[in-house]
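# Examination of the molecular architecture
Given next are the chains, with one letter for each unit.
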Amino acid sequence: MRRQAFECSKALIVSKLSRYEFERFRQPSLSTAQLEKALRDRGSDYELLLHHHHVHKSCEAAVDAALRARNIQTKVVNRLNFKEACVEWADAVFTAGGDGTFLLASSRIPDNRKPVIGFNSDPTRSEGFLCLPGHFSRNISEAVERLVTGDFHWTFRTRVRITLVGSNVFQPPIELHDQQLLHPEYSEDKEMFFDCLQEQHKSAKTDKRTDQQKRVLPVLALNEVFMGERLSARVSYYEIKLNGGQKVKVKSSGLCVATGTGSTSWAYSIGRLSTDSVHELLRALQSERPDIELNLGDRQLLERVTDRFNNALVFGPEESRLNYVIRDMISASVWPAPRGVISPRGFAHLLEVKSRCGDAALVVDGGVSFNFNDGTVAVMEVHPEDSLRTVTLVLPNTA
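Figured I'd write up the structure that's included with this text. (Residues numbered from 1 in each chain as written. Predicted model: local features only at pLDDT ≥ 70, side-chain atom pairs only at ≥ 80, totals over all residues. Heavy atoms only, no water.)

Within the chain, the regular secondary structure consists of 13 helices and 20 strands. Counting over 399 residues, the chain shows a buried share of 46%. The long-range fraction of contacts in the chain, counting pairs at least 24 apart against all pairs at least 6 apart in sequence, stands at 74%. With the model as given, the accessible surface of the chain reaches about 20100 Å², and the carbon-plus-sulfur share is 49%. (Helix = DSSP H or I, 4+ residues; strand = E, 2+ residues; numbered from the N terminus. Buried < 20%, exposed > 50% of the residue type's maximum accessible area, 1.4 Å probe, protein only. Contact = heavy atoms within 4.5 Å. Areas by Shrake-Rupley, 256 points an atom, 1.4 Å probe, with all protein chains shown as cover.)

Time to look at helix H13 (residues 299-311). Because an α-helix completes one turn every 3.6 residues, residues spaced three or four positions apart along the sequence face the same direction. The terminal C-alpha atoms of H13 lie 18 Å apart, and with 13 residues this matches the ideal 18 Å at 1.5 Å per residue to within 8%. For H13, the full list of buried residues reads Leu 302, Thr 306 and Asn 310. Along the axis of H13, the buried residues cluster in a sector spanning 60 degrees; they form a single face. Seen from the buried face of H13, the exposed residues on the opposite side, beyond 90 degrees, are Gln 300, Arg 308 and Asn 311. Close packing links the buried residues of H13 with helix H11 (266-271) and helix H12 (275-288). (Expected span 1.5 Å × (residues − 1). Arc of directions from axis to C-beta.)

In this section: the packing of helix H1 (residues 19-26) against helix H2 (residues 32-42). Interhelical geometry of H1 versus H2 gives an angle of 110 degrees and a closest axis separation of 11 Å. Looking at the two axes, H1 sits roughly perpendicular to H2. Side by side, H1 and H2 meet where Arg 19, Tyr 20, Glu 23, Arg 24 and Arg 26 of the first sit next to Thr 32, Leu 35, Leu 39 and Arg 42 of the second. Counted by class, the contact of H1 with H2 contains three nonpolar, one polar and five charged residues. (Axes fitted to C-alpha atoms, helices over the stretch in contact; angles between N-to-C directions. Parallel < 35°, antiparallel > 145°, perpendicular 65-115°, else oblique. Nonpolar A, V, L, I, M, F, W, Y, C, P; charged D, E, K, R; others polar.)

It is worth spelling out the pattern of salt bridges at this point. Pairs may arise between side chains of opposite charge once their charged atoms sit close together. Evaluation of the coordinates by the stated rule reveals 22 salt bridges. Within this structure, Arg 19, Glu 23, Arg 26 and Arg 42 form a network of salt bridges that share partners. (Salt bridge = Lys/Arg side-chain N within 4 Å of Asp/Glu carboxyl O.)

We now examine the sheet that holds strand E15 (residues 345-348). Across the sheet, which stays open at both edges, the seven strands sit in the order E7-E18-E17-E10-E13-E14-E15 with antiparallel pairing between neighbours. For this open sheet the edge positions go to strand E7 (174-175) and E15, each flanked by a neighbour on one side alone. Alignment of strand E13 (residues 255-258) against strand E14 (residues 322-326), held across four bridges, turns out to be antiparallel. Across the sheet, residue Ala 258 finds its bridge partner in E14, namely Asn 323. (Pairing = 2+ DSSP bridges.)

With parallel pairing, four strands are arranged side by side in an open sheet as E2-E1-E3-E4. Among the strands making up the open sheet, the edge pair consists of strand E2 (73-77) and strand E4 (116-120). Each strand of the sheet is rotated relative to its neighbour by a mean of 20 degrees, with strand direction disregarded. Note that strand E1 (residues 10-15) and strand E3 (residues 92-97) share five bridges and pair parallel. Note on E3: the bridge partner recorded for Ala 11 is Ala 92. Along the sheet face, helix H5 (residues 99-106) touches E1, E3 and E4 and points at about 155 degrees away from the line of E3.

This part covers the side chain of Thr 163. Its location among the elements puts Thr 163 in strand E6 (residues 161-166). Here Thr 163 is in contact with Lys 214, Arg 215, Val 216, Val 377, Ala 378, Val 379 and Glu 381, once residues within four sequence places are set aside.

This part is about the side chain of Ser 252. Locating Ser 252 in the fold gives a position in strand E12 (residues 247-252). Judged by its relative accessible area of 1%, Ser 252 falls in the buried class. A polar contact of 2.8 Å, which involves the side chain of Ser 252, links it to the side chain of Tyr 238. At 3.0 Å, the side chain of Ser 252 and the backbone nitrogen of Gly 254 are in polar contact. Not counting residues up to four positions away in its chain, the partners in contact with Ser 252 are Val 235, Ser 236, Tyr 238, Ile 326, Arg 327, Asp 328, Met 329 and Ile 330. (Polar contact = N/O pair within 3.5 Å; in protein donor to acceptor, adjacent residues only side chain to side chain.)

This part takes up the layout of surface pockets. Here the largest pocket defines a volume of roughly 710 Å³. Surrounding the largest pocket, 30 residues form its lining, Lys 16, Leu 17, Ser 18, Arg 19 and Arg 125 being those nearest its centre. The set of elements that each furnish at least two residues to the lining of the largest pocket consists of H1, helix H3 (46-68), H5 and helix H8 (178-182). Considering every element that reaches the lining of the largest pocket, the biggest residue donor is H3, with five residues. (1 Å grid on protein atoms, 1.4 Å probe; cavity = no way out; pocket = protein on both sides within 12 Å on 5 of 7 lines; lining within 4 Å. Points joined across faces, edges and corners; volume = space filled by probe spheres on them.)

So this is what it looks like as structure tokens:
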């Protein structure tokens, strides 16, 4: 493996806000004993909650110590005090948490120059697909040593650039994290996150004839973009155009547009088939073609076919194409499916979606929600300079 250059004198550590810290933040006036009583009265397992808090803090401390041992200056922040200035200060960003923490850190990285490296602070509770393999969560010093010696290779994960066109595209977004939903009085955190909005507003282009504004969103989607009515029971109505082609009207439960990184996440859950569904499909096939011999009692056969289909939904994180999945596309006599024009799932390099919804949202990586109501157009595309720079470390026994 060719040695890589990893130049880092200042490292920002973005740490997960543990459940214990979150509860402490919510109820700052309570003493430790009072907080314990309140949590127990609520039915929480206080010992387990405290245990996982210590597990997480232990990982955070280990990452900090491993970096300092290599004479790298560190700064530790969490969701509550993570500002744009912190990212600007650092040469590299490390995360101690799970995929949610990794996504939080990545959302503040504007281009492909500053790397993000994730450590899964508690592999027993989460997979941490975006983080380094679990081996390195238990051997943090080894991981840092391999980084500083260049024993790794870069992975540039594709992200989605989203441009909104409409008359109200500068309405403030909503962060969907628990502490802001439960504590709207802490709205200054929202302003910290989006401190670049005012600058964008000044440079916005407006068509004076139509009063339409064009705005490139200040966040890039690493996993997916989801568009649909806020109330899930309502039908989402929109027009979609793939790669500049024909515009198609669609009614469904929403639209998910995913990168290769996100193809293992929500998009995968929406598109995957269960073994029972495959069994029913094969039984229907056998009814149509009795000459085809299939042993539908062979469970291993069903599982292999299911895995073959589901594995095809996953693609590489560096691929420039985007995967779209139309969730529960409506097809009826008065609203026929647009066969031959668009399928419920597929790939594209450019997607244009025009909302015909009444109260809809465009959600980036499950964390930030923008208004996406009737008439607003979202253009989703991929640019190499928007990629997220991450590292890949090969496990010792596979090197």
